[in-house]
Amino acid sequence: MAVNHRKWFVAFATPYLGDHPIEVSAGLGDYAAEWLQHTEKMSLTEADSGRIVALKERFSDHPGVSVRELLLPSEVNGDHSAAISYNVLEHIDDDIGGLRTMKSLVRPGGYIINVVPAFPFAMGPADIATGHVRRYTKKTMRAAMNAADIEIVKLHYANSLGLIGYYVSTCLLKQMPGPGPIVKFYDSTVAPMTRLMEKAFNPPFGQSVIAIGRRPLNG
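Residues numbered from 1 in each chain as written. Predicted model: local features only at pLDDT ≥ 70, side-chain atom pairs only at ≥ 80, totals over all residues. Heavy atoms only, no water.

Peer 1: With reference to specific residues and values, describe the overall build of the chain.
Peer 2: Counting secondary structure elements, the chain contains 8 helices and 7 strands. The C-alpha atoms of the chain give 17 Å as radius of gyration, which agrees with the globular expectation for 219 residues (17 Å, within 12%). Taking the principal axes of the C-alpha coordinates as reference, the chain spans close to 45 × 40 × 35 Å. Within the chain, buried positions represent 50% of all 219 residues. When contacts within the chain are restricted to residue pairs at least 6 apart in sequence, those whose partners lie at least 24 apart make up 73%. About 10,700 Å² of surface is accessible on the chain, with carbon and sulfur atoms providing 57% of the total. Charged side chains in the chain number 22 positive and 21 negative. The centres of these two groups are separated by 6 Å. (Helix = DSSP H or I, 4+ residues; strand = E, 2+ residues; numbered from the N terminus. Rg over C-alpha atoms; globule rule 2.2 N^0.38 Å. Buried < 20%, exposed > 50% of the residue type's maximum accessible area, 1.4 Å probe, protein only. Contact = heavy atoms within 4.5 Å. Areas by Shrake-Rupley, 256 points an atom, 1.4 Å probe, with all protein chains shown as cover. Lys, Arg positive; Asp, Glu negative; His and termini not counted. Charge placed at Lys NZ, Arg CZ, Asp CG, Glu CD.)

As structure tokens, then:
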């Protein structure tokens, strides 16, 4: 488990959580467990029934957590303070519809936080095997957010060294990501170093696009 990487990426959404955020496609709840240190109430969604059961079991002792099924895009409405999805939109054919669903889940002025993989040139066998239909640039992410009528608060790349390593290992060497010494080295050394470096400046490229948006007050 890439603990340092997770804590780094958790921090991108933490300032925008508010009083009742919702995570779209929460997986097994690793990010949610971190965010629950900063908010007492949180909704978690999944499209996979097995993961819904796992989430309910994991957070059964936390009265502020609710779990339900949600598939993007959907016709839903909510009054959440923020909607968060990490590495979700790249799996969806209608990503603009997915963004509109996330916007509809938050109250006016609420935040929409997305992390997506960056740069189409890095699309390789690992992406295809995990169901990715696209990778983004800041330009294409901005266009999608504009099409969904989401105000852009922050839009930047993250994990510049990670992109280089990912491209070499998955595109050139045709390796599949997974537990092992390379991931251990990345998490213990590369991720903390890159995080520190990128505190000083936003890099011109990265493994991920970080997109912080907001639902318009009149939208």
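Okay, back to it.
Peer 1: Any chance you could break down the sheet that holds strand β4 (residues 80-86) for me, citing the residues and the numbers?
Peer 2: Read from one edge to the other, the open sheet built from 7 strands follows the order β3-β2-β1-β4-β5-β7-β6, with strand pairing classed as mixed. Two strands in the sheet have a free side with no partner beyond their single neighbour: β3 (65-69) and β6 (151-158). Shown here is a sheet whose adjacent strand axes are inclined to one another by a mean of 15°, direction ignored. Where strand β2 (residues 42-46) and β3 come together, 5 bridges link them in parallel fashion. Paired with Met42 across the two strands is Val65, which belongs to β3. (Pairing = 2+ DSSP bridges. Axes fitted to C-alpha atoms, helices over the stretch in contact; angles between N-to-C directions.)

Peer 1: Residue-level account of a nonpolar patch on the surface, with values.
Peer 2: Together, Leu161, Ile164, Val168, Leu172, Leu173, Met193, Met197, Phe201 and Phe205 line one region of the surface with nonpolar side chains, adding up to about 770 Å² of accessible area. Residue assignment for the nonpolar patch shows that the elements contributing at least two residues are α7 (160-172) and α8 (181-200). Per element, the largest residue contribution to the nonpolar patch is 4 residues, and it comes from α7. Here Met197 lies in helix α8. Met197 gets classed as partly exposed once you look at its relative accessible area, which sits at 33%. (Patch = residues over 30% accessible without salt bridge, like charges linked within 9 Å, V, L, I, M, F, W, Y side chains within 5 Å. Salt bridge = Lys/Arg side-chain N within 4 Å of Asp/Glu carboxyl O.)

Peer 1: How would you explain unusual backbone geometry if you had to name every residue and give the values?
Peer 2: Cis peptide bonds are those with omega within 30 degrees of zero, and the linkage from Leu72 to Pro73 qualifies with -10°. Within the secondary structure, Pro73 is located in the loop between β3 and β4. The phi angle at Phe119 is positive, at roughly 75°, despite the residue not being glycine. In this fold, Phe119 is placed in the loop between β5 (106-117) and α5 (125-129).

Peer 1: Account for the packing of α7 against α8, with residues named and values stated.
Peer 2: Each pair of packed helices can be described by the angle between their axes along with the distance between the axes. Contact geometry for α7 and α8: axes closest at 8 Å, N-to-C directions at 140°. As far as their axial angle goes, α8 and α7 are oblique. Contact with α7, carried on its side by Ser160, Leu161 and Gly162, involves Tyr186, Val190, Met193, Thr194, Met197 and Glu198 of α8 and no other residues of that element. (Parallel < 35°, antiparallel > 145°, perpendicular 65-115°, else oblique.)

Peer 1: Break down the environment of Gly131 for me, with residues and values.
Peer 2: Mapped onto the elements of the fold, Gly131 is located in the loop between α5 and α6 (138-147). Its relative accessible area of 33% is what places Gly131 among the partly exposed residues. Not counting residues up to four positions away in its chain, the partners in contact with Gly131 are Glu90 and His91.

Peer 1: Describe the nonpolar core, with residues and values.
Peer 2: The tendency in soluble globular proteins is for nonpolar side chains to be buried as a group. Counting 31 residues, the largest nonpolar core has Leu89, Leu99, Met141, Met145 and Val209 as the members making the most contacts within it. Residue assignment for this core shows that the elements contributing at least two residues are α4 (95-105), β5, α6, β6, α7 and β7 (208-214). (Core = buried A, V, L, I, M, F, W, Y, C linked by side-chain atoms within 4.5 Å.)

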